[in-house]
Amino acid sequence: MRAGRLLEVLAVIHIDPETLDNKARYKLLIGSVVPRPIAFVSTVNRQGQTNLAPFSFFTACGSSPMRVCFVPMIRSSDGQKKDTLRNIEATKEFVVHVVSESFVRQMSQTAGEYPPDISEFDEAGLTPVPSTVVKPPRVAEALVAMECRLHQLVELGDAVGHGTIVVGDVVALHFDESVLDEAEGKVRLDVLSPIGRLAGNSYCRITDTFDIARP
Ligand SMILES: Cc1cc2nc3c(=O)[nH]c(=O)nc-3n(C[C@H](O)[C@H](O)[C@H](O)COP(=O)(O)O)c2cc1C
């Protein structure tokens, strides 16, 4: 059947997002923008207390210089900024880790709402190791870690439903030797086994990939 005919028979539900409440908008957004990679972000506060949390509003946003960005939203339970953002505002540094299947449960554990004086490293049983350039430690269990210095904060609003885009310059990269094909300069995705986030508590693997040649 030609695509044109298909369009004629399908019913389309049109939604004006303005007519939805916060929760409904969030559900449709995170169910539609899928799958999302997960930035597992370590930070420290001014006193050196460590913090770790996952963020799936995350992408790469430059290669020279190498840049990544992610979006801590305003916390819905109390309308306040999340600890990760507060720490980055205070210290201008963070480390982004790629989440592999081997520690996906620990990653999920760190997403609980812990007070600022509790380290999610301890709560989740993950191992902090010193970074080479920035103060926040990196996660030893992660196969890929990117030490970042804050490049820019783009505050999009301060109410629930809003977020701040955190853009970081990658100043040091760490690859477990098992995951890097040094001859090809490539990351071995089968070893990395990255996890993507879907809606709610659902995740996905990249075990069913395919290639398409470009024109
Ligand atoms: C897989 C996953 C992805 C998440 N992505 C985001 C996100 O993109 N933005 C956000 O604000 N919170 C996100 N969260 C929730 C935060 O991780 C959670 O609010 C956490 O407590 C924030 O920690 P912090 O206050 O120590 O920064 C995510 C949670 C999970 C489990």
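Please read all numbers here as calculations on a predicted model, not as lab measurements.

### Section: the sheet that holds strand β13 (residues 196–197)
- With antiparallel pairing, the three strands of this open sheet are ordered in space as β1-β13-β14. The open sheet has two edge strands, β1 (36–37) and β14 (203–204), and neither has a second partner.
- Here two bridges tie β13 to β14, and the two strands are oriented antiparallel to one another. By the bridge assignment for β14, G196 is matched with C204.

### Let's talk about a nonpolar patch on the surface
- A cluster of nonpolar residues, M66, L173, F175, V187, L189 and I206, forms a patch on the protein surface that exposes about 460 Å² of accessible area.
- Within the secondary structure, L189 is located in helix α6 (residues 189–192).

### Observations concerning the site of the ligand
- Taken together, 20 residues are adjacent to the ligand, and P54, S56, M73, K82 and T84 come closest.
- The contact in question runs from an oxygen atom of the ligand to an N or O atom on the backbone of P54, over 2.8 Å.
- Protein contact buries 91% of the 640 Å² of open area that the ligand shows by itself.
- Secondary-structure elements contributing two or more residues to the shell around the ligand are β3 (50–55) and α3 (83–91).
- Of all the elements, β3 adds the most residues to the shell around the ligand, at four residues.
- Its residues placed into classes, the shell around the ligand shows eleven nonpolar, four polar and five charged.

### Some words on the pairing of strand β4 (residues 58–63)
- Bridging between β4 and strand β5 (residues 66–70) involves five bridges; their strand directions are antiparallel. Residue pairing for β5: F58 is matched across the bridge by F70.
- The turn linking β4 back onto β5 is made up of two residues.

What counts and what doesn't
Residues numbered from 1 in each chain as written. Predicted model: local features only at pLDDT ≥ 70, side-chain atom pairs only at ≥ 80, totals over all residues. Heavy atoms only, no water. Pairing = 2+ DSSP bridges. Helix = DSSP H or I, 4+ residues; strand = E, 2+ residues; numbered from the N terminus. Patch = residues over 30% accessible without salt bridge, like charges linked within 9 Å, V, L, I, M, F, W, Y side chains within 5 Å. Areas by Shrake-Rupley, 256 points an atom, 1.4 Å probe, with all protein chains shown as cover. Salt bridge = Lys/Arg side-chain N within 4 Å of Asp/Glu carboxyl O. Near = heavy atom within 4 Å. Polar contact = N/O pair within 3.5 Å; in protein donor to acceptor, adjacent residues only side chain to side chain. Nonpolar A, V, L, I, M, F, W, Y, C, P; charged D, E, K, R; others polar.

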